[in-house]
Amino acid sequence: MPPKKQLVLAHLERVSWEVMDRYPKVIQSQIRGRWGIYALYKKDRLYYVGLASNLSTRLKQHLRDRLRGKWDRFSVYLTVRDDHMKELESLILRIAVPSGNRTGGKFTKSRDLSRELHRLMSDEDANRRALLMGGKTAQRRQRQKTRREGLGALDGLLERRRELRGWRSGYQYRAFLRRDGTITCGGKVYETPAAAAHAAVGKRCSGWRFWHYRDSKREWVPLQTLRK
């Protein structure tokens, strides 16, 4: 495996601001001109987080600007200059929410999963209710799911795994439809009937027609019937 890229090169944590006043040359020798993230504290409570290309200069500025007198200790994390540093700063701001920062962290391209989470939770609730009701309610829910999203959407609709069988050129193939809607065939897991059928027979075919399962009458019927 390739060696992991180091992000944080060195750090100082919870150092008194007076170090900068009493030992300016010492502190400058360590952080002057260095890139990184810094944190300001007031009585051990996080107050402000920032990103700077010159940590020494930025900390001295905060001894005179609007943050003057509002912090008494600081931490610095010397890092490599990386394209992800700005997002790392935003991540810290969103988690810690320091009271001294006027703006919160913003992501430029991150996808908010809240709406998708709500949809998936509602979907799981509908699956559970359909299983409890059984009969035509469960069948109707099953058809809705397979028509809209394919077999992978059967996640949670089956109470147990089911054996599948397929026939081609005098050969019989076996697989299993799992509760999560995936299919195991030959020791591997496939997301769709077509992928599992292709793995079994070695060429493309309609998995919905190729694979059969036993219905309530114990008869082998094609998966296609789940979509009708």
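As a starting point, this report considers the structure included with it.

Quick notes on the rules
Residues numbered from 1 in each chain as written. Predicted model: local features only at pLDDT ≥ 70, side-chain atom pairs only at ≥ 80, totals over all residues. Heavy atoms only, no water. Patch = residues over 30% accessible without salt bridge, like charges linked within 9 Å, V, L, I, M, F, W, Y side chains within 5 Å. Areas by Shrake-Rupley, 256 points an atom, 1.4 Å probe, with all protein chains shown as cover. Salt bridge = Lys/Arg side-chain N within 4 Å of Asp/Glu carboxyl O. Helix = DSSP H or I, 4+ residues; strand = E, 2+ residues; numbered from the N terminus. Buried < 20%, exposed > 50% of the residue type's maximum accessible area, 1.4 Å probe, protein only. Pairing = 2+ DSSP bridges.

### Remarks on a nonpolar patch on the surface
On the surface, a nonpolar cluster with roughly 280 Å² of combined accessible area is contributed by L91, I95 and F107. Take I95: it is sitting in helix α4 (residues 85-96). By relative accessible area, which is 66% here, I95 ends up exposed.

### A look at the pairing of strand β3 (residues 45-52)
Here β3 lies mainly inside the structure; six of its eight residues are buried. Summarising the sheet, strand β2 (residues 36-42) and β3 pair through seven bridges and their orientation is antiparallel. Bridge assignment links K42 to a residue of β3, and that residue is R45. Between β2 and β3, which follow one another and run antiparallel, lie two residues, and K43 among them has a positive phi close to 55°.

### As for the pattern of salt bridges
Working definition: two side chains of opposite charge can pair if their charged atoms are close together. Tallying each qualifying case throughout the model produces eight salt bridges. Between R128 and E124 there is a salt bridge; the shortest N-O distance is 3.0 Å. Separated by four residues within a single helix, R128 and E124 lie in helix α5 (residues 114-133), roughly one turn from each other. Relative accessible area serves as the criterion here: at 41%, R128 is assigned to the partly exposed category. Note on E124: relative accessible area 46%, which makes it partly exposed.

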